[in-house]
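# Working through the structure, step by step
For reference, the chains in residue letters:
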Amino acid sequence: MTDNQTDCHYCLQSLRGRKYALREEIAYCVTCYDSLFANPCEECKQPIECSSKDLSYKGRHWHERCFKCAKCSRSLVEKPFAAKDEVLLCTECYSDEYSSKCFHCQKTIMPGSRKMEFKGSSWHESCFVCQYCRQPLGTKPLITKDNENYCVPCFEKQFAHHCYSCKKVITSGGVTYYDQPWHKECFVCAGCKTQLSGQRFISKDECPYCVDCFSKSYAKKCAACKKPIAALGGAKFITFEERQWHGECFNCAKCSVSLVGQGFLTQQDRVLCHECGSA
């Protein structure tokens with residue numbers, strides 16, 4: 001001790017032969033040091049003397065003997081602990097009171113361990129895995145089916161439909177045709193390739209056609225107007241001896257009266273009403 005430290009800086013009493021404490025290289029007797037600088041203990045409210053160990057956490061201080069769990073009173077010195085509303089708890093008491101349970105194994109997720117949350121539930125990181133390949137999901141994209149989680153590749157292998165046309169996975173929507181799944185954009189007319197999803201179409205040999213393409217390629221021609229007869233949506237047509245007519249075209253070739261539901265006569269390729277045919 002140098003000559004200028006032979007006395008307490010505060011009470012000026014001699015420090016020779018007495019215990020003292022330094023603060024910023026200034027000497028104080030123990031009594032003055034404790035009264036000036038000792039932190040109050042959070043538990044017992046008494047000063048933490050310079051001769052005692054001062055344990056601190058987030059700006060608060062405890063005697064070593066007072067640093068204990070607020071619930072079970074076990075010492076927290078050199079032990080893991082958790083804080084809840086400024087109350088210190090050992091990990092066991094904290095888990096009993098506040099920790100969530102793992103959705104998969106139903107065991108407590110201990111404080112300090114990594115917790116995964118999904119759709120309002122919590123998992124241990126080691127429990128949050130793909131139901132099929134058992135690999136950790138972490139923050140990877142996933143798909144849930146029947147309360148089980150799957151990574152995208154496994155879900156596609158197990159459950160996803162593959163488009164009948166392009167063979168790729170259908171992730172949403174889609175069209176079913178002859179019990180086969182199709183992407184909406186792949187379900188097109190076999191003739192002009194126009195998308196048919198939501199449109200009227202006609203099947204021919206299990207191939208879909210828009211009405212125009214089917215009419216041009218396969219529909220029979222009206223014997224009168226020579227245009228295709230597309231019997232779609234209840235359209236009326238008349239057939240006689242391998243010839244067909246639109247309902248509105250089946251008229252007397254001479255007087256143009258409608259012959260639909262009426263008796264008629266034929267003369268070469270013409271159809272006539274009874275009056276014109278008998279004249």
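Residues numbered from 1 in each chain as written. Predicted model: local features only at pLDDT ≥ 70, side-chain atom pairs only at ≥ 80, totals over all residues. Heavy atoms only, no water.

## Section: the overall build of the protein
Broken down by element type, the protein carries five helices and 22 strands. Relative to the 2.2 N^0.38 estimate, which gives 19 Å for 279 residues, the radius of gyration of the protein is 46 Å and therefore markedly larger than a compact globule would have. For the protein, buried positions account for 31% of its 279 residues. Partitioning the intrachain contacts of the protein with sequence separation of at least 6 by distance along the chain shows that 11% fall at a separation of at least 24. The average position of the 38 basic charges and that of the 31 acidic charges among the side chains of the protein differ by 9 Å. (Helix = DSSP H or I, 4+ residues; strand = E, 2+ residues; numbered from the N terminus. Rg over C-alpha atoms; globule rule 2.2 N^0.38 Å. Buried < 20%, exposed > 50% of the residue type's maximum accessible area, 1.4 Å probe, protein only. Contact = heavy atoms within 4.5 Å. Lys, Arg positive; Asp, Glu negative; His and termini not counted. Charge placed at Lys NZ, Arg CZ, Asp CG, Glu CD.)

## Overview of the state of the cysteines
Applying the stated rule across the entire model yields zero disulfides. Free of any disulfide, C163 has its nearest cysteine sulfur in C186, 3.8 Å distant. (Disulfide = S-S within 2.5 Å.)

## A few points about the pattern of salt bridges
Tallying each qualifying case throughout the model produces three salt bridges. Residue E117 is joined to K115 by a salt bridge in which the shortest nitrogen-to-oxygen separation is 3.3 Å. Given a relative accessible area of 39%, K115 falls into the partly exposed group. (Salt bridge = Lys/Arg side-chain N within 4 Å of Asp/Glu carboxyl O.)

## Thoughts on helix α1 (residues 30–37)
Among all positions in α1, only C32, Y33 and D34 are buried. Summarising the contacts, the buried residues of α1 are in contact with β1 (20–23) and β2 (26–29).

## Topic: the domain arrangement of the protein
Split by domain assignment, the protein resolves into domain 1 (98–159), domain 2 (161–218) and domain 3 (221–278). Taking the mean C-alpha position of each, domain 1 and domain 2 sit 38 Å from one another. (Domains from an automatic or database assignment.)

## So, the packing of aromatic side chains
Centre-to-centre distance and the angle between the planes together describe a pair of aromatic rings. All told, the structure shown has 23 aromatic pairs when counted by the stated rule. Between F67 and F81, the ring centres sit 5.5 Å apart and the planes meet at 90 degrees, which makes this aromatic pair edge-to-face. In this pair, F67 sits in the loop between β4 (60–63) and β5 (81–84) while F81 sits in strand β5, placing the two residues 14 residues apart along the sequence. F81 gets classed as partly exposed once you look at its relative accessible area, which sits at 26%. Taking the centre distance of 5.8 Å and the plane angle of 70 degrees together, the rings of Y177 and F201 count as edge-to-face. With Y177 in strand β13 (residues 175–177) and F201 in strand β15 (residues 201–204), this pair connects stretches of sequence that are 24 residues apart. Look at Y177 and you get buried, because its relative accessible area is 7%. Taken together through their ring pairs, the aromatic side chains of Y164, Y177, Y178, W182, F187 and F201 make up a single cluster. Sitting over the face of the ring of F159, K145 holds its NZ or CZ atom 5.1 Å from the ring centroid. In this structure, K167 packs its charged tip against the face of Y164, placed 4.9 Å from the ring centre. (Phe/Tyr/Trp six-rings, centres within 6.5 Å; stacked < 30°, edge-to-face > 60°. Lys NZ or Arg CZ within 6 Å of the ring centre and 35° of its normal.)

## Concerning the nonpolar core
By size, the foremost hydrophobic cluster in this structure holds 15 residues, and its most contacted members are W62, F67, C69 and L76. Mapped onto this core, the elements with two or more residues apiece are β6 (87–90) and α2 (91–97). Top element by residues in this core is β6. It accounts for three residues. Among all residues touching L76, those that are not within four sequence positions of it are F67, K68, C69, F81, L88, L89 and C90. Core analysis: the next-biggest nonpolar cluster, separate from the first, contains 14 residues, Y177, L196, I202 and Y209 among them. (Core = buried A, V, L, I, M, F, W, Y, C linked by side-chain atoms within 4.5 Å.)

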